[in-house]
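Listed below are the residues making up each chain.
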Amino acid sequence: MDAETRRRQLVAGIARVGRGDRAALRLVYSETSAKLFGICLRILGDRSEAEDVLQEVYLTVWRKAASFDEAIASPMTWLVAIARNRSVDRLRSLGSRQRDAPIEAADDVADEAPTAVDRLEMDEQQARLNDCFQELEERQSAAIRSAFLGGLTYEELAQRSKVPLGTMKSWIRRGLLKLRACLER
Amino acid sequence: MSDEDSIDTGDRGDLAAEYVLGVLPVEERRLAELRLTSEPRFAAEVAFWERCLGGLAEEIPAVAPPSHIWEGIEDRLSASLRPAAERAGVWQSLAFWRTFAISSAALAAASIVGLIYLTQIPSLEPPLLARLDEQSGQPGFLAAANPADGSVTVVPAALLTREQQRSYELWVIPPGGKPHSLGLVDPAQPVKVMVPPELLPQVTADSTLAISLEPQGGSPTGQPTGPVIANGKLASL
């Protein structure tokens, strides 16, 4: 199935979920849960937390499907945002219990994944994003990536990189400014 | 200290980008979510960054979840769709409120009129009312603050999916201020909470009421830690 067909099926599936169709939720789940579980695992670094959050993610999809707007976001963008937001929220509510875990722990978990990586559909913006990341300083791009992939706060990122909080904020904020300028070109 | 270190602290970050990136501490995250529901321009900014940065998720490998996850989702969905178990009289009846409130702003207005009776105001001081909208724009809860007895009554206005193992916490946020907890509410039936006397001055017109999802028993930190599922401003009738 090509990416465009898959995208259209997901859009139709989410629209049906929005009308209260549980079979459609099952369909959306089977198409996307592996990708979203990977994201939850990566951010939370803990299998049982990730499993619980994944359930919340699809309950959120059930609740918010009616407000999904294809004109604003692709279905994968929308789903990835829900998975990340719920994972980051859980990470924050776990508080210090989870924060001591080194970021590598999350990588370990993700490495257990099947090697057949399910490359999710993202529009041409993906290639654009990669190009724009090339324009950033190494430390800016590294900081933005680990913030996104690890769900860490400025403070945690600063501690892990052993730099002052202000420095970390500066790297990320300047990086984001450059990224935006590049993406809008 | 390098030049870079000294500049940034005064620098304003791009809040939408920082929200999407996930680097904000809990309180700022919740404030960003409130803006998300009330400011279309901010929501458009967030959507921009979700499109841009979402591509980074490409590099995260997919991991097939165990099969019991789907069963868990089905169980939680079924539990949320069951009708509320016990009802105490027509004014406390969810079915009654749904009849009035479900999915129509006009009907929501009708149930606001009903709410005034529900709060049984003993004085002439008018109650403050709020419609707490979900992110979809649908009314999620209706709330009436009664200054006469210091109570806030919160009535679910929509069929919400009840989140198992989670509590629904009500917050009051004065304009430009921080959230204060008013206690727990229920997505399946009307709940009357008594506002602590020290918080009564915060419950005024233009204050925002918000409901967030929290660990069972409520937020452990005294500030919202879970997503805000509905919010709206108090106004006098």
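Treat the numbers as computed from the prediction; the structure is a model and nothing was measured. (Residues numbered from 1 in each chain as written. Chains lettered and ligands numbered in written order. Predicted model: local features only at pLDDT ≥ 70, side-chain atom pairs only at ≥ 80, totals over all residues.)

Please explain the overall build of chain A as it appears in this structure.
Assigned secondary structure in chain A consists of 10 helices and 0 strands. N-terminal to C-terminal, the α/β element order of chain A is α-α-α-α-α-α-α-α-α-α. In chain A, which comprises 185 residues, the proportion classed as buried is 46%. Taking contacts inside chain A between residues at least 6 apart in sequence as the whole, the part at least 24 apart equals 71%. (Helix = DSSP H or I, 4+ residues; strand = E, 2+ residues; numbered from the N terminus. Buried ≥ 20, exposed ≤ 12 C-beta atoms within 10 Å, placed from the backbone. Contact = placed C-beta atoms within 7 Å.)

How should I be thinking about the overall build of chain B in this particular structure?
Of regular secondary structure, chain B possesses 8 helices and 9 strands. Per-residue burial for chain B yields a buried fraction of 41% across its 237 residues. Within chain B, contacts between residues at least 6 apart in sequence are counted, and of these 62% link residues at least 24 apart.

Would you mind showing me how to read the packing of helix α4 (residues 75-94) of chain A against helix α4 (residues 40-54) of chain B here?
Two packed helices can be described by the angle between their axes and the distance between those axes. At a minimum axis separation of 10 Å, α4 of chain A and α4 of chain B run at an interaxial angle of 95°. When the interaxial angle is binned, α4 of chain A and α4 of chain B end up roughly perpendicular. Counting all contacts with α4 of chain A, which are made through Thr77, Val80 and Ala81 of chain A, the residues of α4 of chain B involved are Glu50, Arg51 and Gly54 of chain B. Its residues placed into classes, the contact of α4 of chain A with α4 of chain B shows 2 nonpolar, 2 polar and 2 charged. (Axes fitted to C-alpha atoms, helices over the stretch in contact; angles between N-to-C directions. Parallel < 35°, antiparallel > 145°, perpendicular 65-115°, else oblique. Nonpolar A, V, L, I, M, F, W, Y, C, P; charged D, E, K, R; others polar.)

Is there a simple way to think about the confidence of the model for chain A in this case?
A low pLDDT means the predicted coordinates there should not be read in detail. Residues and elements named next belong to chain A. Mean pLDDT over chain A stands at 84; residues scoring 70 or higher make up 83%. Helix α2 (residues 22-44) holds the highest mean pLDDT among the elements of chain A, 95, whereas helix α6 (residues 103-111) holds the lowest, 40. Scored below 50 in pLDDT, residues 96-122 makes 40 contacts in the model with residues more than four places away or belonging to other chains. (pLDDT = per-residue confidence, 0-100.)

Got a minute to help me understand the interface of chain A and chain B in this structure?
It is common to give the size of an interface as the accessible area that goes away when the parts come together. Contact residues are listed per partner, giving 62 residues for chain A and 45 residues for chain B. For the side of chain A that touches chain B, the secondary structure elements donating two or more residues are α2, α3 (47-64), α4, α7 (125-134), α8 (138-150), α9 (154-161) and α10 (165-184) of chain A. Tallying contributions element by element places α2 of chain A first for the side of chain A that touches chain B, with 10 residues. Of the residues belonging to the side of chain A that touches chain B, the class tally is 33 nonpolar, 14 polar and 15 charged.

Would you mind going over the nonpolar core with me for this structure?
Nonpolar side chains in soluble globular proteins tend to end up buried together. Counting residues in hydrophobic clusters, the biggest one holds 68 residues, and the most contacted among them are Cys40, Val61 and Ala147 of chain A. Grouped together as the second largest cluster of nonpolar side chains are 31 residues, Phe141, Ala143, Trp171 and Ile173 of chain B included. (Core = buried A, V, L, I, M, F, W, Y, C linked by C-beta atoms within 7 Å.)

When you look at the packing of α2 of chain A against α4 of chain A in this model, what are you seeing that I'm missing?
Residue and element names in this part refer to chain A. Close contact between α2 and α4 brings their axes to 9 Å; oriented N to C, the two are set at 30°. Taken as axis vectors, α2 and α4 run roughly parallel relative to one another. The hand of the α2/α4 crossing is right-handed. Packed against α2, whose contacting residues are Thr32, Leu36, Ile39, Cys40, Ile43 and Leu44, the element α4 presents Leu79, Val80, Ala83, Arg84, Ser87, Val88, Arg90 and Leu91 at the interface. Here the residues of the contact of α2 with α4 are counted per class, giving 10 nonpolar, 2 polar and 2 charged. (Left-handed = near helix turned anticlockwise from the far one by under 90°.)

Quick question: what am I supposed to make of the confidence of the model for chain B here?
Residue and element names in this part refer to chain B. Within chain B, residue pLDDT values average 75, and 73% of them lie at 70 or more. The low-confidence segment residues 82-93, where pLDDT is below 50, has 10 contacts with residues more than four positions distant or belonging to other chains. Our summary of model confidence lists the complex with pTM equal to 0.62 and ipTM equal to 0.85.

Explain α2 of chain A here, please?
Since one α-helical turn is 3.6 residues long, residues separated by three or four positions face the same way. All names here are of chain A. An ideal rise of 1.5 Å per residue puts 33 Å on 23 residues; α2 reaches only 28 Å between its terminal C-alpha atoms. At Thr32, α2 is bent by approximately 55°, the largest bend along its length. A positive phi of about 60° marks Gly45, the residue just after α2. (Expected span 1.5 Å × (residues − 1). Bend = angle between axes of the 7 residues up to and from the residue.)

Quick question: what am I supposed to make of the pairing of strand β5 (residues 180-185) of chain B here?
Residue and element names in this part refer to chain B. The pairing of strand β4 (residues 166-173) with β5 spans 5 bridges and is classified as antiparallel. Across the sheet, Glu169 pairs through a bridge with Leu184, a residue of β5. The hairpin formed by β4 and β5 contains 6 residues between the paired strands, and Gly176 there has a positive phi angle of roughly 75°. (Pairing = 2+ DSSP bridges.)

Is there a simple way to think about the environment of Arg63 of chain A in this case?
Mapped onto the secondary structure, Arg63 of chain A falls in helix α3. Expressed as a C-alpha distance, the spacing of Arg63 of chain A and Gly18 of chain A, which sit 45 residues apart in the sequence, is 7.6 Å.

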